[in-house]
Amino acid sequence: YWKLDDGPGSTIARDDSGYGNHGTLTNYTGVQTSTGWVAMPSVTSHTGSFFNPYALEFDAVDDYIALGSIASMPTDWTVSVWVNPNAADLYSSIVNLNDGARYYGLDWYSNANGFQTYDNSTAQVRSGSTSDGIWYQVNAIKRAGAYEIWVNGTKYTTAYGGGFGFAGNRIGGG
């Protein structure tokens, strides 16, 4: 569980799950290590127990978080992210995980294809069309061997069988 709220000067993304799968900010310059952490405004009326003081910004070119090796992946999983796609990119890796036997991920492929999950080199579900410069709340879910993607509250389960490569255990990466 990476909140990505560690703050200025940090070169790691702390794993708050308790499993110690901390990540290393990769391809962030010294300046980005300070400026890549965007301060969130103080909310004096905030009454909930969840408030992140910072958020990590990726440059959409080559920034990512290297996660190292992950001993084993759960059978069922969920990835939840906020993403603002850039039409200039044909492909953006969002999350890639590999336990040595299989690899899973969530990617974005140009505006026409949208978000998709994959298992090894086979895409499982594709969301369809997206627009440039709009924030999307995306949840990729694998449960009981079935895949689904939720984009801004809309569920997609249509199978897609295209193939593509794998970029290692990481979050982000142009």
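As a reminder, the structure under discussion sits directly above these lines.
Keep in mind it's a predicted model, so treat the numbers as computed, not measured.

A.B. asks: Honestly, the overall build of the protein in this entry has me stumped. Any pointers?
C.D. replies: Looking only at helices and strands, one finds 2 helices and 14 strands in the protein. Per-residue burial over the protein gives 42% buried out of 174 residues. Carbon and sulfur atoms provide 53% of the accessible area of the protein, an area that totals close to 9,000 Å².

A.B. asks: Honestly, the sheet that holds strand β13 (residues 154-156) in this entry has me stumped. Any pointers?
C.D. replies: Reading across the sheet, the 4 strands line up as β6-β11-β12-β13 and stay open at both edges, with antiparallel pairing between neighbours. Lying at the two open borders of the sheet, with one neighbouring strand each, are β6 (77-83) and β13. Across this sheet, the average inter-strand angle for adjacent strands is 20°, counted without regard to direction. Taken together, the 7 bridges between β6 and strand β11 (residues 136-143) define a ladder with antiparallel strand orientation. Paired with V81 across the two strands is V138, which belongs to β11.

A.B. asks: Help me out: how do you make sense of the packing of aromatic side chains in this one?
C.D. replies: For any two aromatic rings, the description comes down to two numbers: the centre-to-centre distance and the angle of the planes. Taken as a whole, this structure holds 2 aromatic pairs when the rule is applied. Between W77 and Y147, the aromatic rings sit 6.3 Å apart at their centres with planes inclined by 65°, giving edge-to-face as the arrangement. Of this pair, W77 sits in strand β6 while Y147 sits in strand β12 (residues 146-151), and the two are 70 residues apart along the sequence. Of the two residues examined, W77 and Y147, each falls in the buried class.

A.B. asks: Would you mind showing me how to read the nonpolar core here?
C.D. replies: Here is a general trend for soluble globular proteins: nonpolar side chains tend to be buried in one another's company. Counting 25 residues, the largest nonpolar core has V79, V81, I94, L106, F115, V138 and I149 as the members making the most contacts within it. Where this core is concerned, the elements lending two or more residues are β6, β7 (91-98), β8 (103-109), β11 and β12. Examining the composition of this core, we find that 4 residues originate from one element, β6, more than from any other.

A.B. asks: Help me out: how do you make sense of the pattern of salt bridges in this one?
C.D. replies: Opposite charge on two side chains lets them pair, provided their charged atoms get close. Within the structure shown, the criterion is met by 4 salt bridges. Between D16 and K3 there is a salt bridge; the shortest N-O distance is 3.9 Å. Of the two residues, D16 sits in the loop between β1 (12-13) and β2 (23-26) while K3 sits in the segment before β1, which places them 13 residues apart along the sequence. Assessed through its relative accessible area of 27%, K3 is described here as partly exposed. In this structure, E148 engages R143 in a salt bridge whose closest nitrogen and oxygen atoms are separated by 3.2 Å. What makes E148 buried here is its relative accessible area of 10%. What makes R143 partly exposed here is its relative accessible area of 47%. It is possible to trace a salt-bridge network through shared partners that takes in K3, R14 and D16.

A.B. asks: What's the story with the pairing of strand β9 (residues 114-119) in this structure? I'm lost.
C.D. replies: Regular strands place side chains that alternate from one sheet face to the opposite one. Counting buried positions along β9 yields 6 of 6 residues, so the element is predominantly enclosed. As paired strands, β8 and β9 are joined by 6 bridges and run antiparallel to one another. By the bridge assignment, D107 is partnered in β9 with Q116.

A.B. asks: Is there a simple way to explain the environment of E148 in this structure?
C.D. replies: Tracing the sequence through the fold places E148 in strand β12. In this structure the C-alpha to C-alpha distance between E148 and V125, which are 23 residues apart in sequence, comes to 6.2 Å. Ignoring anything within four residues of it in the chain, the contact list for E148 reads T117, V125, N139, A140, I141, R143, K155, Y156 and T157. Within the structure, the side chain of E148 is placed 3.2 Å from the side chain of R143, a separation counted as a polar contact.

What counts as what
- Residues numbered from 1 in each chain as written.
- Predicted model: local features only at pLDDT ≥ 70, side-chain atom pairs only at ≥ 80, totals over all residues.
- Heavy atoms only, no water.
- Helix = DSSP H or I, 4+ residues; strand = E, 2+ residues; numbered from the N terminus.
- Buried < 20%, exposed > 50% of the residue type's maximum accessible area, 1.4 Å probe, protein only.
- Areas by Shrake-Rupley, 256 points an atom, 1.4 Å probe, with all protein chains shown as cover.
- Pairing = 2+ DSSP bridges.
- Axes fitted to C-alpha atoms, helices over the stretch in contact; angles between N-to-C directions.
- Phe/Tyr/Trp six-rings, centres within 6.5 Å; stacked < 30°, edge-to-face > 60°.
- Core = buried A, V, L, I, M, F, W, Y, C linked by side-chain atoms within 4.5 Å.
- Salt bridge = Lys/Arg side-chain N within 4 Å of Asp/Glu carboxyl O.
- Contact = heavy atoms within 4.5 Å.
- Polar contact = N/O pair within 3.5 Å; in protein donor to acceptor, adjacent residues only side chain to side chain.

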